[in-house]
Amino acid sequence: MAEELIIPAGAGRAMVYEALLPQINALVETESDLTANLANIAAALKEAFGFFWVGFYLVKEGQLVLGPFQGPLACTRIHFHKGVCGASYTRKETIIVPDVEAFPGHIACSSASKSEIVLPVFHRNGTVAMVLDVDSDQLNDFGDADAAGLQQIIALIERKL
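Keep in mind that what you see is a predicted model, and the values were worked out from it rather than measured. (Residues numbered from 1 in each chain as written. Predicted model: local features only at pLDDT ≥ 70, side-chain atom pairs only at ≥ 80, totals over all residues. Heavy atoms only, no water.)

Asker: Sorry if this is basic, but what is going on with unusual backbone geometry here?
Answerer: Glycine aside, residues mostly have negative phi angles, and peptide bonds mostly take the trans form. One non-glycine residue, lysine 92, adopts positive backbone phi at about 60°. Structurally, the position occupied by lysine 92 is in the loop between α3 (83-91) and β4 (95-97). A positive phi is found at asparagine 140, a non-glycine position, where the angle reads about 50°. Residue asparagine 140 is classed as exposed on the basis of its relative accessible area of 54%. (Helix = DSSP H or I, 4+ residues; strand = E, 2+ residues; numbered from the N terminus. Buried < 20%, exposed > 50% of the residue type's maximum accessible area, 1.4 Å probe, protein only.)

This is the structure in C-alpha cells:
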C-alpha cells in the first residue's frame, strides 16, 4: 500500500468513502496490531475529509479510554453514560449530533467542536469494544453518507477483533 491516499477531487462524501474504503482495507488487511490499524484509520479519515478530530475510545477499566486519534488534545477518559461517546456505547448505536451544544450532557473536550458522529465497534460476542468519534468544527456536518461510509470502515475493524 502506498503511503498516500488517492481521494477523488470535488467528489461528494459518499464517493470519497467509496474511494477510501479499499485503501483503508489495504492498510489494515495484513497488519495484526490493533493500535497501528486504528492510528492509520484515524489518519486516513482526517486526511480525506479534513475533520476537526477523529479518534477511538476503547473500552477499558469500566469506561471509555482514549486510543489512537488525529487532532487536538482530547478527553482521556469518558464514563459509559456521559457525552455522545458514552451514549453511543450505552445505546449500541450510531449517534449523529448536528449541534453539540444542544446534546444533553455533551462533554466539551474542545470548544471548537460543533457537530459530531459516534459509532460503536462490536466484538464478535456483541459487546462494544470501542467507539469511533468524529468531530467537526462546522454545525450539522454529518449525515447519512457519513453514517454509511463510517459503518463500512467499522466493519473492517470488527473483522480484525
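Asker: Help me out: how do you make sense of the nonpolar core in this one?
Answerer: Soluble, globular proteins show a tendency: their nonpolar side chains are buried together. With 32 residues, the main nonpolar core has Leu45, Phe56, Leu132 and Leu150 as its most contacted residues. Elements with a minimum of two residues in this core: α1 (13-28), α2 (34-49), β1 (53-60), β5 (115-122), β6 (128-136) and α4 (144-160). Apart from residues no more than four positions distant in its own chain, leucine 132 is found in contact with Leu45, Val54, Gly55, Phe56, Ile117, Val118, Leu119, Val121, Leu150 and Ile154. The next biggest cluster of nonpolar side chains, apart from the first, holds 17 residues, and it includes Tyr57, Cys85, Val97 and Phe103. (Core = buried A, V, L, I, M, F, W, Y, C linked by side-chain atoms within 4.5 Å. Contact = heavy atoms within 4.5 Å.)

Asker: Mind showing me how you'd approach the sheet that holds β6 here?
Answerer: Sheet strands associate in pairs through backbone hydrogen bonding, adopting either a parallel or an antiparallel arrangement. The 6 strands lie next to each other as β3-β2-β1-β6-β5-β4, forming an open sheet whose pairing is antiparallel. In this open sheet, the two strands that pair with only one neighbour each are β3 (77-78) and β4. Relative to strand β2 (residues 63-70), β1 runs antiparallel, the two being bridged by 6 bridges. Each residue of the ladder has a partner; that of valine 54, found in β2, is glutamine 70. Taken strand by strand, α4 contacts β1, β4, β5 and β6, and its axis lies near 30° from that of β5. (Pairing = 2+ DSSP bridges. Axes fitted to C-alpha atoms, helices over the stretch in contact; angles between N-to-C directions.)

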